[in-house]
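# Commentary on secondary and tertiary structure
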Amino acid sequence: MKSSLKINKKESLLLLGHKGLIGSAILKQLRNRNYKNILTIEKKKINLLNFLMLENFFKNNNPKKVIIAAARVGGIQANYKYPFNFIYENSVIQNNIISLCIKYKCKKIIFLGSSCIYPKIWRTPFKEKDLSLSNLEKTNEAYAIAKISGLKMCEAFNKQFNNNLPKFITVIPPNLFGENDNYNYKNSHVLAALLRKFYNAKKKNRSSVEVWGTGTCKREFLYSMDAANMIIDILEVNEKRILNFTKGEFSHINIGTGKDYTINEIAKILKKISGFEGKIINNKNYPDGVKRKVLNVNLFKKICPNSINNRVVSKKSFEANIKKTYTKLNDKKFKKFDKHNTFSLSI
């Protein structure tokens, strides 16, 4: 069975969320792979929560493939403070896009999910079959439910209209990091928050860096450019090949390295990279979240055996990508995110 489709790179491909962390990486890698007709949407011109505005775009542009990387995202604090925004905005955005993809007969969809869809208590790396609506982590439950809803919508479409042939696929990445991450203290993810803390501590010669929680919980991290290549690999793979491995039981695929680190290990890596000489202090008044979150990526390796990113697993590679991200930090970048620290219903 052929591992890839004959890809028409001149065919229109709509990338939603092209300015975000993963969206900007996907845009760069699509261009590197010579995709010729990439469509994007500026949120200042079209609100993805507005169905009529979005439908008008679909009607005028008729995209053949769609990658949905647009979402309301944030760390533990943002998820805790704004649960309604997370479940409402993400549900409406993905429902609008997926329903229009069906109406305008898009050939293929890649929907970006999240590893938080899996239960909070699990002993081994999460397999695709471990998805369950029970026992979700409370700190990001609203976001997880919205993402599960989008995943199930794609799965239901494949089942009802395509005999389980996965034309609508959900890709589940682990925690991502890289250029264009959100560095706002109030709603950033853990690695971005730590990058900023160590940058500031080094620059201002501080005596310590505070790490939220015990530092013992474990997370898997994936560099955004590596994630982008994995996502495009799945976009290009033969759908019958995916069905051969999933047997029509599900339509989502984990990507990642399959390797995780404790938060304190990450802090020590950042201490070394930044040259910070002070202490690392754990503030146990803050929650840890899920104790361990790492993905089983064996299915991805089977479906895309030639992906270069199957080999991006070493600690050396991980540290190199963190260093690459750290060296691009500056105060101007932080101010940009600090200006947009409110949580509204616009996107």
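Conventions and cut-offs
- Residues numbered from 1 in each chain as written.
- Predicted model: local features only at pLDDT ≥ 70, side-chain atom pairs only at ≥ 80, totals over all residues.
- Heavy atoms only, no water.
- Pairing = 2+ DSSP bridges.
- Helix = DSSP H or I, 4+ residues; strand = E, 2+ residues; numbered from the N terminus.
- Axes fitted to C-alpha atoms, helices over the stretch in contact; angles between N-to-C directions.
- Parallel < 35°, antiparallel > 145°, perpendicular 65-115°, else oblique.
- Left-handed = near helix turned anticlockwise from the far one by under 90°.
- Contact = heavy atoms within 4.5 Å.
- Nonpolar A, V, L, I, M, F, W, Y, C, P; charged D, E, K, R; others polar.

## Some remarks on the sheet that holds strand β5 (residues 168-172)
Strands sit in the order β2-β1-β3-β4-β5-β9 across an open sheet of six strands; the sheet is parallel. The two strands at the open ends of the sheet, each matched to only one other strand, are β2 (38-40) and β9 (252-254). Here the strands of the sheet are splayed against their neighbours by 20° on average, with no regard to which way each runs. Bridging between strand β1 (residues 13-16) and strand β3 (residues 65-68) involves four bridges; their strand directions are parallel.

## Quick look at the packing of helix α9 (residues 263-274) against helix α11 (residues 315-326)
Each pair of packed helices can be described by the angle between their axes along with the distance between the axes. Interhelical geometry of α9 versus α11 gives an angle of 55° and a closest axis separation of 10 Å. Considering the angle they form, α9 stands oblique to α11. Note on packing geometry: the crossing formed by α9 with α11 is right-handed. Contact with α9, carried on its side by Ile-266, Ile-269, Leu-270, Lys-272, Ile-273 and Ser-274, involves Lys-315, Phe-318, Glu-319, Ile-322, Lys-323 and Tyr-326 of α11 and no other residues of that element. Taken together, the residues that form the contact of α9 with α11 break down as seven nonpolar, one polar and four charged.

## What about the packing of helix α2 (residues 51-61) against helix α4 (residues 83-103)?
With their axes 10 Å apart at the nearest point, α2 and α4 run at an angle of 35° to one another. Pair α2 / α4 crosses with right-handed handedness. The residues of α4 that touch α2, namely those facing Phe-51, Leu-54, Glu-55 and Phe-58, are Asn-96, Ile-97, Ser-99, Leu-100, Cys-101 and Lys-103. Tallied by class, the residues present in the contact of α2 with α4 amount to six nonpolar, two polar and two charged.

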